[in-house]
Amino acid sequence: MTSKSVAEVTAQRHPDFDAFVATIEALRAPDGCPWDREQTHRSIAHNMIEEAYEAVDAIERGSVAHLREELGDVLLQVVLQSQIAADAGAFTIDDVCRDVNEKMIRRHPHVFGEEAAADSGEVLGLWEKVKLAEKEAADAAAADAGDGAPEGLLDGVPASFPALMQAQKISRKAAAAGFEWDTLDDIWSQVAEEVGELKEAYAAAPRSKSGKIVKGGDAGATPEAAAAADAVELEFGDVLFALVNVARRMGVNAENALRATCVKFRRRWAFMEGAAWGQGRRVEDLPTEELEELWRMAKMLEGGEAR
């Protein structure tokens, strides 16, 4: 973390960044790399997602060396996409940097303006307030230009996001627009209501002997059974969405929280597999009682409490 104050921070030259931008431009030159020249925004779009996930994986594993490498790969996608746009006369990497710099200054009025924020919660509130003002200004400009109906509040949330991340962004945007419960207890009441509706839908749905709902495509499934199965899934989604609202109100990132739990479960499961292997056995062959005991041991070694 920098030890400089805001007033002491000044723009610095970044020759290595400029050299990297030049390298990508050369790869896209007429006599450059055939593969790079063939790429379009769409053809390499999936690389942006993959590289971002790999960077997050390096962060979660605490690998600084890998993080440095993966951030370079993420930067490659940004610069390459910008060069593709520059070749088409749309925008340049300088435009990208300028736009995001202006946005960061605009969205931090407590640092670069007259607003005040005592903690991170108030910062997020300011962030949403500024974003909403930006949207209203964009809608007004579009109306003045005769571009038709304004963009919907949730249109800016990519449908390609992981469902949990998408839910949290949708929830946050709706709350910023005033669609919000008065208290956290009110949201917990909504969770309880959704759980009740899920139980009712599940009770009404045809189920197999193992308790799983009968879906369309299952042997002997009727249209009515398929509709009932869809209802259970929708109600389950409502429960998850209500819990996302709880997380948002608590200041918890639901996506990060679930990822952390998955990491924790993987770690404990690996311990169980190792312990079983040390006995010349497989986890799959252990009775429930022994599995529970290994799970308790895994939690104890982490300093956690028994389930």
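The rules behind the values
Residues numbered from 1 in each chain as written. Predicted model: local features only at pLDDT ≥ 70, side-chain atom pairs only at ≥ 80, totals over all residues. Heavy atoms only, no water. Helix = DSSP H or I, 4+ residues; strand = E, 2+ residues; numbered from the N terminus. Rg over C-alpha atoms; globule rule 2.2 N^0.38 Å. Buried < 20%, exposed > 50% of the residue type's maximum accessible area, 1.4 Å probe, protein only. Contact = heavy atoms within 4.5 Å. Areas by Shrake-Rupley, 256 points an atom, 1.4 Å probe, with all protein chains shown as cover. Lys, Arg positive; Asp, Glu negative; His and termini not counted. Charge placed at Lys NZ, Arg CZ, Asp CG, Glu CD. Expected span 1.5 Å × (residues − 1). Arc of directions from axis to C-beta. pLDDT = per-residue confidence, 0-100. Salt bridge = Lys/Arg side-chain N within 4 Å of Asp/Glu carboxyl O.

**Overview of the overall build of the chain**
Move 1: When its secondary structure is counted, the chain shows 12 helices and zero strands.
Move 2: Taken over the C-alpha trace, the chain has a radius of gyration of 26 Å; the compact-globule value for 307 residues is 19 Å, which it surpasses by more than 25%.
Move 3: On the principal axes, the C-alpha backbone points of the chain span a range of 65 × 55 × 45 Å.
Move 4: Within the chain, the fraction of its 307 residues that count as buried is 24%.
Move 5: By sequence separation, contacts in the chain at least 24 residues apart represent 51% of the contacts at least 6 residues apart.
Move 6: Roughly 20800 Å² of accessible area belongs to the chain as shown, and the carbon and sulfur atoms make up 58% of that amount.
Move 7: Within the chain, the 56 negative side-chain charges are centred at a point lying 4 Å from the centre of the 34 positive side-chain charges.

**What to know about helix 3 (residues 45-61)**
In an α-helix, one turn spans 3.6 residues; hence positions three or four apart end up facing the same way.
Move 1: With 17 residues, helix 3 extends 25 Å between its outermost C-alpha atoms, agreeing within 8% with the 24 Å of an ideal straight helix rising 1.5 Å per residue.
Move 2: Residues of helix 3 that are buried: Asn47, Glu51, Ala55 and Ala58. Around the axis of helix 3, the buried residues are gathered within 70° of arc, so they sit on the same side.
Move 3: Considering only its buried residues, helix 3 is in contact with helix 4 (64-87).

**Here we look at the environment of glutamate 54**
Move 1: Tracing the chain through its elements places glutamate 54 in helix 3.
Move 2: Relative accessible area serves as the criterion here: at 37%, glutamate 54 is assigned to the partly exposed category.

**Notes on helix 9 (residues 184-204)**
Move 1: With 21 residues, helix 9 should cover 30 Å at 1.5 Å per step; its first-to-last C-alpha distance of 31 Å lies within 8% of that length.
Move 2: Residues of helix 9 that are buried make contact with helix 10 (223-250).

**A short note on the confidence of the model for the chain**
Move 1: Averaged over all residues, the pLDDT of the chain is 91; the fraction at 70 or higher stands at 97%.
Move 2: Least confident of the elements in the chain is helix 7 (residues 120-144), whose mean pLDDT is 83; most confident is helix 1 (residues 15-27), at 98.

**Describing the pattern of salt bridges**
Move 1: A full pass over the atoms with the stated rule returns 15 salt bridges.
Move 2: For the salt bridge of lysine 215 with glutamate 233, the shortest nitrogen-to-oxygen distance reads 3.4 Å. One end of the pair, lysine 215, is in the loop between helix 9 and helix 10; the other, glutamate 233, is in helix 10, and 18 residues separate them in sequence.
Move 3: When the shortest N-O distance is used, the salt bridge between arginine 296 and glutamate 293 registers 3.0 Å. Taken as a pair, arginine 296 and glutamate 293 lie in helix 12 (residues 288-301) at a separation of three residues, close to a single helical turn.
Move 4: Of the residues examined, arginine 296 reaches a relative accessible area of 34% and is grouped as partly exposed.
Move 5: Look at the salt bridges and you will find they share partners, linking Arg106, Arg107 and Glu134 into a network.

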